[in-house]
Amino acid sequence: MSEVLFYHLSERPLEQVLPEILEKSLQRGWKVAVKATARARLDMLDAQLWTYREDSFLPHGKETDANAALQPILLTNSGLSNHPQILILVDGARLELASIGHFERVCILFDGNDPERLAEARADWKAISAAGAKAIYWAQEGGKWVKKAEST
């Protein structure tokens, strides 16, 4: 069964956390889809992934690219043409419960300082747990990730 990881961002922003998760996913040989709700956010992430470190970049493309299905990391707000093993949801992008089983892992990254995003994450936790999927809740504390909860 797939696992759903919740990342409560409170100390470091998405732009710093996302590349670390993407690197670890690629090291496992997984294809990744990063789904956001706004095209502007995808454009910003696209630019950032090319330059997030001086000595490296993360190979990726956007869903509008001609070779989107071949990308190891796909930035999207609709389709998942690269058939990812991991789906990362940001900025309130929603998860369809019926699709959880299509992925090895789903990561929900949300701004813990945004009451709307926090409420969505709580509702998602309840729905995912009720559906029988394994859910793990991580929060930032003192620069480290601390596991706060795990459903059974």
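Residues numbered from 1 in each chain as written. Predicted model: local features only at pLDDT ≥ 70, side-chain atom pairs only at ≥ 80, totals over all residues. Heavy atoms only, no water.

**A look at the overall build of the protein chain**
Each helix and strand counted, the protein chain has three helices and eight strands in total. Here the protein chain has a C-alpha radius of gyration of 15 Å; the compact-globule value for 152 residues is 15 Å, and the two agree. Counting only C-alpha atoms and orienting by the principal axes, one finds that the protein chain spans roughly 40 × 35 × 30 Å. Taken over 152 residues, the protein chain has a buried fraction of 47%. Contacts in the protein chain between residues far apart in sequence, at least 24 positions, make up 61% of those at least 6 positions apart. Of the accessible surface of the protein chain, which amounts to about 7800 Å², a share of 52% is contributed by carbon and sulfur atoms. If you average the places of the 18 positive and of the 21 negative side-chain charges in the protein chain, the two averages end up 5 Å apart. (Helix = DSSP H or I, 4+ residues; strand = E, 2+ residues; numbered from the N terminus. Rg over C-alpha atoms; globule rule 2.2 N^0.38 Å. Buried < 20%, exposed > 50% of the residue type's maximum accessible area, 1.4 Å probe, protein only. Contact = heavy atoms within 4.5 Å. Areas by Shrake-Rupley, 256 points an atom, 1.4 Å probe, with all protein chains shown as cover. Lys, Arg positive; Asp, Glu negative; His and termini not counted. Charge placed at Lys NZ, Arg CZ, Asp CG, Glu CD.)

**A look at the packing of aromatic side chains**
The description of an aromatic ring pair rests on the distance of the ring centres and on the angle between the ring planes. Per the counting criterion, the structure on display carries six aromatic pairs. Measuring from ring centre to ring centre gives 6.4 Å for Phe-6 and Tyr-137, while their planes differ by 25 degrees; the resulting arrangement is stacked. In this pair, Phe-6 is assigned in strand S1 (residues 3-9) and Tyr-137 in strand S7 (residues 134-141), connecting sequence segments 131 residues apart. Summarising the burial analysis for this pair, Phe-6 and Tyr-137 share the class buried. Taken together, a centroid distance of 5.0 Å and an interplanar angle of 80 degrees make the contact between Tyr-7 and Trp-145 edge-to-face. With Tyr-7 in strand S1 and Trp-145 in strand S8 (residues 144-150), this residue pair connects regions lying 138 residues apart in the sequence. The exposure class assigned to Trp-145 is partly exposed, which follows from its relative accessible area of 26%. (Phe/Tyr/Trp six-rings, centres within 6.5 Å; stacked < 30°, edge-to-face > 60°.)

**Some words on the pairing of strand S6 (residues 105-111)**
Extensive coverage of S6 is indicated by the burial of six of its seven residues. In this sheet, S6 lies alongside S1 in parallel orientation, the contact comprising seven bridges. Each bridged residue has a counterpart across the sheet, and for Glu-3 the counterpart in S6 is Arg-105. As paired strands, strand S5 (residues 86-89) and S6 are joined by four bridges and run parallel to one another. When the sheet's bridge partners are listed, Ile-88 is paired in S6 with Cys-107. (Pairing = 2+ DSSP bridges.)

**Focus on the sheet that holds S8**
Strand order in the open sheet made by the eight strands is S3-S4-S2-S5-S6-S1-S7-S8, with mixed pairing throughout. Of all strands in the sheet, those with a lone pairing partner are strand S3 (61-62) and S8, marking the two edges. Contacts from helix H3 (residues 115-130) reach S1, S6, S7 and S8 within the one sheet, and its direction differs from that of S6 by about 155 degrees. (Axes fitted to C-alpha atoms, helices over the stretch in contact; angles between N-to-C directions.)

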